[in-house]
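Chain by chain, the residues run as shown.
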Amino acid sequence: MRLPPWHLHLDVWLLFASVEALYLVALRRRRRSTGLRGASARKVTLFSLGVAVLWLGADWPLHDLAERYLYSMHMVQHLLFTLVAPPLLIAGLPDWLLREILRPRAVSRVVRFLTRPLVALIVFNGVLLFSHWPAVVDASVRSEPLHFGLHVLIVASAFVMWWPVMSPLPEMPALPPPGQMLYLFLQSLAPTVPASFLTFGSTPLYPVYASFPRIWGIDALTDQLIAGLTMKLAGGLILWGFIAAIFFRWFAQEQRDGWDALQWRNFEREVRAEMKL
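Here is a short report on the structure shown in this document.

Rules and cut-offs
Residues numbered from 1 in each chain as written. Predicted model: local features only at pLDDT ≥ 70, side-chain atom pairs only at ≥ 80, totals over all residues. Heavy atoms only, no water. Axes fitted to C-alpha atoms, helices over the stretch in contact; angles between N-to-C directions. Helix = DSSP H or I, 4+ residues; strand = E, 2+ residues; numbered from the N terminus. Parallel < 35°, antiparallel > 145°, perpendicular 65-115°, else oblique. Left-handed = near helix turned anticlockwise from the far one by under 90°. Contact = heavy atoms within 4.5 Å. 1 Å grid on protein atoms, 1.4 Å probe; cavity = no way out; pocket = protein on both sides within 12 Å on 5 of 7 lines; lining within 4 Å. Points joined across faces, edges and corners; volume = space filled by probe spheres on them. Nonpolar A, V, L, I, M, F, W, Y, C, P; charged D, E, K, R; others polar. Salt bridge = Lys/Arg side-chain N within 4 Å of Asp/Glu carboxyl O. Buried < 20%, exposed > 50% of the residue type's maximum accessible area, 1.4 Å probe, protein only. Phe/Tyr/Trp six-rings, centres within 6.5 Å; stacked < 30°, edge-to-face > 60°.

1. So, the packing of helix α2 (residues 41-58) against helix α4 (residues 71-92)
Working step 1: Where α2 contacts α4, the axes come no closer than 7 Å and their chain directions differ by 160°. When the axis of α2 is compared with that of α4, the two are roughly antiparallel. By crossing handedness, the relation of α2 to α4 is classed as left-handed. The segment α2 lies against α4, with K43, L46, F47, L49, G50, V51, V53, L54, L56, G57 and A58 engaging Q77, L80, F81, V84, A85, L88, L89, A91 and G92.

2. Some thoughts on empty space enclosed by the protein
Working step 1: The final tally for this structure, using the stated rule, is 2 cavities of 30 Å³ or more.
Working step 2: Taken together, the elements giving at least two residues each to the lining of the largest cavity come down to α4, α7 (117-131), α9 (144-166), α10 (177-189) and α13 (220-257).
Working step 3: Residues that form the lining of the largest cavity fall into these classes: 10 nonpolar, 9 polar and 1 charged.
Working step 4: Here the second largest cavity is characterised by a volume of approximately 50 Å³.

3. Describing the pattern of salt bridges
Working step 1: On inspection of all chains with the given rule, the structure shows 5 salt bridges.
Working step 2: One salt bridge in this structure joins D95 and R99, with 3.5 Å as the shortest N-O distance. Within this pair, D95 and its partner R99 are both found in helix α5 (residues 95-101), separated by 4 residues, close to a single helical turn.
Working step 3: A salt bridge links R103 to E100, with the shortest nitrogen-to-oxygen separation between them at 2.6 Å.
Working step 4: Here R103 falls in the exposed class, since its relative accessible area comes to 60%.
Working step 5: On the basis of relative accessibility, which here comes to 40%, the residue E100 falls in the partly exposed class.
Working step 6: Overlapping salt bridges, with partners in common, bring together D95, R99 and E171 in one network.

4. Regarding the environment of G38
Working step 1: Inspection of the secondary structure assignment puts G38 in the loop between α1 (10-34) and α2.
Working step 2: Here the alpha-carbon distance between G38 and L182, two residues 144 residues apart in the chain, equals 33 Å.
Working step 3: Setting aside residues up to four positions removed in sequence, G38 forms contacts with L27, R30, P94 and W96.

5. Some points on the packing of aromatic side chains
Working step 1: The full count for this structure, using the stated rule, is 10 aromatic pairs.
Working step 2: When the ring of Y23 is compared with that of F47, the centres are 3.9 Å apart and the planes differ by 10°; the resulting orientation is stacked. Linking Y23 in helix α1 with F47 in helix α2, this pair joins segments that are 24 residues apart in sequence.
Working step 3: Its relative accessible area of 3% is what places Y23 among the buried residues.

Okay, here's the thing in structure tokens:
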């Protein structure tokens, strides 16, 4: 199995090395100014893994396969950018650093609005549909700046989507476990529409990918089928894995501490608030 010729994406290396360096510098300054550890070793590991996943998706060979040969690799790239890297990055960000990022009032207001569960679902899935629109895919493949901007938008929308599940800030809390499971269940249904077009399409949905050189004996329609199955099955497996983990953790907590009626009331209040949007 031959891969595309190796190509150094210097901009990718510089970008993600800078992100990792800024994170580590922030932790070091925190320790110097307060005498406290900026983050636990676990958080540093999770954040670094998140950066590594973004780098994997944006560098050779996945980037070259995704942009010059196979739409299925493009789909793998997007899954890494939306369902793998963001939860790792959020889990690796200490609460004090998040508060620093959200300190400007305008930033805080925008983030508070966008991370409301119903808004977050709409934003993320709106970006999902937009980024898979044939004209947008065609334009992004042909324009490197547009391609980069689209990836930034995708990753940002994924942060918004994961916040109601993973927020570490009590002032911007995550949903209670029942709400998290319902939220992720709804999110697992959303990609069904674009995945169905890809899986059951009888003609290439993306002509630009049909025009690319074939690699590994995969024709355009097979490539499209693999992309649809990747979106639905691999994406669903990740989301349902989170649902299962949340359920078993919640069940263990209920067994240990007993049923929390206040948590249910908070969940009901959140649902009513979302319905009023």
